[in-house]
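The primary structure of each chain is shown beneath.
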Amino acid sequence: MEQKGKFSNRWGYIWAALGMCIGTGNVWRFPRVCAANGGGAFIVAWTIATLIYAVPLLSSEMIMGKKARLGTVGGFRDFVGKKFTWMGVWVCGVCVLLLSYYSVVMAYCLKYFWASVTSFEKNMSLEFTTNLWNNFTANSVEVLIFHFICIGLACVVVYQGIAGGIEKFCKVLVPGLLILLTAVAVYTCLLPGASAGLEYLFTIDMSYLTKSTTWLNAFTQAAWSTGAGWGFIITLSVYTDAKEEVPNNCMIMGLGDNIGALLAGFVVMPAIFALSPSIEAATEAVGAGNYGMTFIYLYQLFSTMPGGRIISIVFFFAMSAAALTSMFSMVEVGTSNVMDLGVSRKKAVLLVSGVCFVMGAFSAWNVNFCANQDWVWGVGLMVSGLLFAVAIIKYGVKKVLDEEINTEYADFKFPKWYYCTSMYLMPVFVVLLVGWWGIQSIGWYPETWWSPFEKENLGTIVFQFAILLAISFGLNNTLVKKIAKGPMSKED
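Presented here is an overview of the structure given in this document. Because the structure is a prediction, the values reported are computed rather than measured.

Taken as a whole and assessed by the stated rule, the structure comprises 10 salt bridges. Across the pair arginine 10 and glutamate 244 runs a salt bridge, and its minimum N-O distance is 3.8 Å. Of this pair, arginine 10 sits in helix H1 (residues 10-21) while glutamate 244 sits in the loop between helix H11 (232-236) and helix H12 (247-275), and the two are 234 residues apart along the sequence. Using a relative accessible area of 25% as the deciding quantity, one classes arginine 10 as partly exposed. Notably, a salt bridge pairs arginine 10 with aspartate 411, separated by 4.0 Å at the nearest N-O pair. Linking arginine 10 in helix H1 with aspartate 411 in the loop between helix H18 (397-405) and helix H19 (416-444), this pair joins segments that are 401 residues apart in sequence. Salt bridges here are not isolated pairs; linked through shared partners, they connect Arg10, Glu244, Glu245 and Asp411.

It is worth spelling out the packing of helix H3 (residues 40-68) against helix H17 (residues 367-395) at this point. Orientation of H3 relative to H17, taken along the N-to-C sense of each, is 65°, at an axis distance of 10 Å. Judged on the interaxial angle alone, H17 and H3 are roughly perpendicular. The chirality of how H3 crosses H17 is left-handed. Taking contact as the criterion, the partners of Leu57, Ser60, Glu61, Met64 and Lys67 in H3 are, on H17, Gly385, Phe388, Ala389, Ala391, Ile392 and Tyr395.

Right, let's talk about helix H13 (residues 279-286) for a bit. Along H13, the residues classified as buried are Ala281, Ala282, Ala285 and Val286. Seen end-on, H13 carries its buried residues on one side only, within an arc spanning 140°. Of the exposed residues in H13, those oriented more than 90 degrees away from the buried face are Glu280 and Glu284. The elements touched by buried residues of H13 are helix H2 (24-36), helix H9 (194-202), H12 and helix H14 (289-302).

Here the focus is the environment of leucine 98. The residue leucine 98 is located in helix H5 (residues 85-118) in this model. Distance in space between the C-alpha atoms of leucine 98 and methionine 327 is 9.5 Å, their sequence separation being 229 residues. When sequence neighbours within four positions are dropped, the list of residues in contact with leucine 98 reads Trp230, Phe232, Met330 and Leu381.

The next point concerns the layout of surface pockets. Quantified by volume, the largest pocket comes out at close to 980 Å³. Taken together, 48 residues line the largest pocket, and the ones lying closest to its centre are Arg29, Arg32, Trp224, Asn290 and Asp374. Per-element tally for the lining of the largest pocket: the top contributor is H2, with eight residues. Here the lining of the largest pocket is built from residues that sort into 25 nonpolar, 18 polar and five charged.

What counts as what
Residues numbered from 1 in each chain as written. Predicted model: local features only at pLDDT ≥ 70, side-chain atom pairs only at ≥ 80, totals over all residues. Heavy atoms only, no water. Salt bridge = Lys/Arg side-chain N within 4 Å of Asp/Glu carboxyl O. Helix = DSSP H or I, 4+ residues; strand = E, 2+ residues; numbered from the N terminus. Buried < 20%, exposed > 50% of the residue type's maximum accessible area, 1.4 Å probe, protein only. Axes fitted to C-alpha atoms, helices over the stretch in contact; angles between N-to-C directions. Parallel < 35°, antiparallel > 145°, perpendicular 65-115°, else oblique. Left-handed = near helix turned anticlockwise from the far one by under 90°. Contact = heavy atoms within 4.5 Å. Arc of directions from axis to C-beta. 1 Å grid on protein atoms, 1.4 Å probe; cavity = no way out; pocket = protein on both sides within 12 Å on 5 of 7 lines; lining within 4 Å. Points joined across faces, edges and corners; volume = space filled by probe spheres on them. Nonpolar A, V, L, I, M, F, W, Y, C, P; charged D, E, K, R; others polar.

Okay, here's the thing in C-alpha cells:
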C-alpha cells in the first residue's frame, strides 16, 4: 500500500470516482437515447436502473477493493477463489481494450476543441462540417497524433500517483467540468426556440414505460455511463481508508453521474432545436448517432449562434476533460494489476500506456475499427458486471450487506430487500441486456450476423470474446501464483 499510495481524504476519492463516471457517454449518448425513448419517461426508467443496477454494482466493487487491497486479478482471486482468477483478467482486459479506443474518442474531442480555437468559422454549412469530419477521420496520421497526446496526458497524471496525480487533477477538472456544462446549459436554454428541445427531451409520455426497449435502453445507459462493474471502483477503492463508507459514496457516484448527463441534455437538445431550420432537421440531427450529432451537426450549429466560437471552445473542452478524467481510472486499472506483479508504479504506467497506444493505433487509423471496438467492448463491460455479481453471490450477498456495507460508520444503510434483491437479479439484468443487443445486431446484419469482420454484429462479439476468454483462462494458474498477496490471501 505504501508503494501504491492512498487518497488524502474521502472527497479526493469521490471526485476521482465521479471523474470516472462522468464521461463522453453523458455528453453525447444520453441526450439522443433519452430523446428517442420517451424523454421524461426514459429519465424515470433510467433513474430506477441507476438505483437498482448501477449503485448496487458500484457498492459491490467498492467492497471487493477495500477487502482485497489488490487490482481486479488479485481481487477476484482472493474474494471469490483461485480458480476464478480469470474473471479478474477478463475485467482488466476489457478495461485496457476500452482505454485503447476511448483515447481515440478523446482525440476527436480534442481535435474539435483545437479547431474551435484556431479555425472556427461563422455560418458553416452542414456539407462543410460533414467534409471536415470525413477528412479528419480519413487523415490517420493526424488522428494518431491526437491519440498519442491523449494517452500521454493520462499517463502523465497517473504517473504522479493517487493523491498527487489522479486526486489532484480530478478535484479541479470534475467541478470545473460541471460548472462549464451548467454555464453553457443556461446560455443554450435561453436561446429562442430552445423550449422545443427541452420539451422533446423531458416531456413524459407514460406509454413508453410499458415498452421493453425503453427499459433495456435505460439499463444500458446506466451501465455504460456509471462504469458500474467495469473494474474502476474496485481499483480506486484499494486506495481508500478501511472505514470509508459504502452506501453514501456509491449513491453520490450514481446520482452524480445522472446529474452530469442531465446537464449535457440541457446543453445539447436546446441548442439543436433552437438553431436548426426546422423540427425535421433537428430530429435528423438527434438521430445522426454519437459522432454525427456531436462533430457534424453541433459543430455546424454552434457556428450559427451569437458567441458560437466561445460556446464551441467550452463545449469541446468540457468533452475532452470528461474523457480525460475517465481515462485516469482506465489507466489505473491496468497499472494496479501490473504493480501487483511487483513492478513499480512508474514502470507500470509507462507499460500500460504504451500497450494502449499501440492497440489504439488501429482505432486511430480507421474510424470503423474504432466503432467496432466501441460495440464489442461496450457489451463486454456488461459481462464484467455479471462477473462482479457472481462474485458477490458466491461470497454471500447477505454477508456482504451485514458485515461490509451496513457498518457502524455508514451515514445510512441499504435496506436488506434493496441490496439483496438487486444483486440476485443482477445476472438476469445482464443476460437480458447482452441477449437483447445480440438479437438487435442479427437484425442489422441478417445475412452476415455470424461474420467476425462486420462492424457491429454478433459474430464479431463472439470472435473477440473468445480470444479474451482464452487468454483469461490460460493465465489463471500463472497469475494465481504471481500476483502479490493481500489481506484476504490464503496460503496453499
